[in-house]
Amino acid sequence: MTARDWLLDDSPASRLQANLGRAWRMGTTLLRNPLAVVGAAIILGLILTAAFAPWIAPETPFGQDLANRLQPPSPQHWMGTDELGRDIFSRVVYGSRITLMIVSLVAVISAPLGLIVGAVAGYFGGWPDRLLMGVTDVFLSMPKLILALAFVAALGPGIENAIIAIAITAWPAYARIARAETMTFRNSEFISAVRLLGASHGRIIFRHVLPLCTSSMIVRVTLDMAGIILTAAGLGFLGLGAQPPMPEWGAMISRGRSFILDQWWVATMPGFAIILVSLGFSLLGDGLRDVLDPKQAGER
Amino acid sequence: MGATLGSGSIRMRRLGRGAGALGGFVVVTALTFLGLLAITFFIGRVVPIDPVLAVVGDRASQAQYDTARAAMGLDRPLAVQFLSYVGEVLRGDLGHSITTNRPVADDLARVFPATLELATLGILIGVVLGVPMGVWAAARQGSWIDQAIRVFALLGYSIPAFWLGLVGLAIFYAGLGWVAGPGRVDIYYDGLVPVHTGLLLVDSAIAGNWTVFFNALDHLALPATILGFFSLAYIARMTRSFMLDQLGQEYITTARVKGVPEWRVIWVHAFKPIRVPLITVIGLSYAGLLEGSVMIETVFSWPGIGNYLTQALLNADMSAVLGATLVIGSVFILINKLSDVLYRVLDPRSRQ
């Protein structure tokens, strides 16, 4: 019996075997979708770049060299240098760490929040549902970017506040999904069985309801990543997110704005990084949705 | 529905449902608007560490501080403060801007038409190009055209609007000289036509001043095309998926078997049923453009509500920030709920 047979066994002997088998099947399906593979490769590239930034970047992101300011792209500085003579490629490489930090923190804050709100609303129904979903709908029908801008204005500029503001605007979509998922199996027999065994509401929600919501949540979060990156970069561009000299991509574009007509590379190069990473998340999210959540495939 | 019902009573019922939908729409919209007010109130009076300090500065004496606090009404309970805030907003009082030294409501009324003009032209571009692209992609599902349109649409989700604006300016204004630069109109044409609607294209057409009209169009071309690209991405993607749903149905096969020409199958048989959901998509996209114009206006120095908002942000002018947030939010909510109710009225399936 090969490892593949063991993974694809129709009657797995343990929970581990079942989970690994499921992961294997999904992985192979995903690999058959070329665009999803491209997306996954881009995201893997982002993670590796962030992890090995000091080894990839030829120079430090803060090293000024005023003699070589605003140099066009060349073999030494193949994305050129900015107004302080810093190597733009090195700054873009280090910027991947900031982007990765922003998207992970927003996901870690907003996904569990939305998950719990949605699961509690869907599980209990009645007035908790109406109250929680009312609040969710108010947030959902609000323009996200404007709301984030207003929150940052009140909290003060800075990358931490930008992350908080984006997370505040991101959770309602997850609450909607978690509620819809929970509603579909709220009255199913396995939930009644657990309840008869004397499990508390908290245990049912955390151990039996939430795990079933995770796959559609992963899809949604991946698809939302592109939007989160664009919002964070927009806040950086307006001077409300990461502050200089941090090599955040949006802030870098903002600095290059004054040179756009003569030294186009200063503003243009970080933009390519944003596009590449956002596109990677969109492609991967599309592929994941086809695998994990065929119901909503094709919609967005 | 029984055979005993005459057509008159059916019409009555339909009207009743329409009124029911309208009533629900008013209640839901009012509640959502109240939620928006609660959020802006929260942002304006609860989140900042001390709004009084922001006004009097940290060198004020305790007595000055207390006077300012009482004058701002901050010594009252939070619920009372919120109620008076709601009252002020309903009376059209959005506070005073510290940058322009004018009432925020007046400022917003002055800048809003510029945004409206930009977003309207943007959505026109998005619909005129996006719908046919989506239909075309669906009709050739799996072909290279379909893949190309898919990637093109995905780019709309991945390109930062402000970056595209900068690159567009560098290429089409500075490089090729095809379009005019930032601003609504060349400086020497500014204020030449009398203001009726605030929409420069309409005003200059009324005045019969075609020089200004074409100059304004020249200035609008690039920002409107860029905004249009983002709505195109969304509209094309949704149109494609709606069309694929329809093209997979059996009635399409029947039409093809009967020998209906392919263009008729696509544009008449399959396209008719998707018009209603498309209206919702276009409405949402229009609302999204009002929001998206914030970034574009900043890049193009477009004197609209987005530019007003970002200027206020940079000057920490909180009344102006919250006023602009409130107006954009209200328009967003209104379009959102209107397309919702329109869907319900137009789609027979959702009437049950």
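No experiment lies behind these values; they were computed from the predicted model shown.

Moving on: the interface of chain B and chain A. Taken residue by residue, the interface counts 44 residues in chain B and 42 residues in chain A. In this assembly, chain B packs against chain A so that about 3900 Å² is buried in total across both faces, 78% of it on carbon and sulfur atoms. Together, Phe162(B), Trp163(B) and Leu166(B) form the three largest contributors to the area buried by chain B at its contact with chain A, with a combined 16%. Where chain B packs against chain A, one counts two salt bridges.

Attention shifts here to a nonpolar patch on the surface. Residue and element names in this part refer to chain A. Taken together, the side chains of Leu44, Leu48, Phe52, Trp55 and Ile56 make up a nonpolar region of the molecular surface, amounting to roughly 560 Å² of accessible area. Those elements giving two or more residues to the nonpolar patch turn out to be α3 (34-51) and α4 (53-56). Note on isoleucine 56: relative accessible area 38%, which makes it partly exposed.

Moving on, we come to helix α9 (residues 210-247) of chain B. Residues and elements named next belong to chain B. Given a rise of 1.5 Å per residue, 38 residues ought to cover 56 Å, yet the end C-alpha atoms of α9 are separated by just 46 Å, more than 12% below that figure. Taking the largest bend as the criterion, α9 deviates by roughly 40°, centred on alanine 221, and proline proline 223 comes between one and four positions later. Of all 38 residues in α9, 28 are buried; the element is thus mostly enclosed.

Let us look at the pattern of salt bridges. Considering all chains together, one arrives at twelve salt bridges over all chains under this definition. A salt bridge links Arg150(B) to Asp286(A); the nearest nitrogen and oxygen atoms lie 3.8 Å apart. Taken together, the residues span two chains, with Arg150(B) in helix α6 (residues 144-155) and Asp286(A) in helix α12 (residues 265-292). Look at Arg150(B) and you get partly exposed, because its relative accessible area is 29%. The exposure class of Asp286(A) is buried, given its relative accessible area of 6%. Overlapping salt bridges, with partners in common, bring together Asp286(A), Arg289(A), Arg150(B) and Arg237(B) in one network.

Attention now goes to the confidence of the model for chain B. If pLDDT is low for a region, its predicted coordinates should not be looked at in detail. All names here are of chain B. Considering every residue of chain B, the mean pLDDT works out to 81; 89% of them sit at 70 or more. Of all secondary-structure elements in chain B, the lowest mean pLDDT belongs to helix α2 (residues 51-56), at 66, while helix α5 (residues 104-139) reaches the highest, 90. Between residues 1-6, whose pLDDT stays under 50, and residues either more than four places distant or in other chains, the model counts four contacts. For this predicted complex, the interface confidence score (ipTM) comes to 0.85, while the overall pTM stands at 0.85.

All names here are of chain B. You can read the domains of chain B as domain 1 (2-72) and domain 2 (104-350). Facing twelve residues of domain 1, the contacting portion of domain 2 comprises eleven residues. Three residues, Phe25, Leu36 and Thr40, lead the burial of domain 1 against domain 2; their summed loss comes to 42% of the area buried on that side. Run the count over domain 1 and domain 2 and you get zero residue pairs in polar contact (both at pLDDT 80 or more). Residues that form the side of domain 1 that touches domain 2 fall into these classes: eight nonpolar, four polar and no charged.

Right, let's get into the side chain of Arg179(A). If you trace the backbone, Arg179(A) turns up in helix α8 (residues 159-185). If we ignore the near neighbours within four places in the chain, the residues touching Arg179(A) are Gly118(A), Ala121(A), Gly122(A), Asp129(A) and Met133(A).

The next point concerns the nonpolar core. Membership of the largest hydrophobic core comes to 171 residues, with the highest contact counts inside it found for Leu149(A) and Leu309(B). Ranked by the residues each element gives to this core, the list is headed by helix α10 (residues 201-237) of chain A, at 17 residues. In contact with Leu309(B), not counting residues within four places along its chain, are Ile146(A), Leu149(A), Val294(B), Val321(B), Ala324(B), Thr325(B) and Ile328(B). In this structure, Met133(B), Ala137(B), Leu232(B) and Ala236(B) belong to the second largest nonpolar core, which totals six residues.

What counts, and at which threshold
Residues numbered from 1 in each chain as written. Chains lettered and ligands numbered in written order. Predicted model: local features only at pLDDT ≥ 70, side-chain atom pairs only at ≥ 80, totals over all residues. Heavy atoms only, no water. Contact = heavy atoms within 4.5 Å. Buried area = accessible area lost by both parts, 1.4 Å probe. Salt bridge = Lys/Arg side-chain N within 4 Å of Asp/Glu carboxyl O. Patch = residues over 30% accessible without salt bridge, like charges linked within 9 Å, V, L, I, M, F, W, Y side chains within 5 Å. Areas by Shrake-Rupley, 256 points an atom, 1.4 Å probe, with all protein chains shown as cover. Helix = DSSP H or I, 4+ residues; strand = E, 2+ residues; numbered from the N terminus. Buried < 20%, exposed > 50% of the residue type's maximum accessible area, 1.4 Å probe, protein only. Expected span 1.5 Å × (residues − 1). Bend = angle between axes of the 7 residues up to and from the residue. pLDDT = per-residue confidence, 0-100. Domains from an automatic or database assignment. Polar contact = N/O pair within 3.5 Å; in protein donor to acceptor, adjacent residues only side chain to side chain. Nonpolar A, V, L, I, M, F, W, Y, C, P; charged D, E, K, R; others polar. Core = buried A, V, L, I, M, F, W, Y, C linked by side-chain atoms within 4.5 Å.

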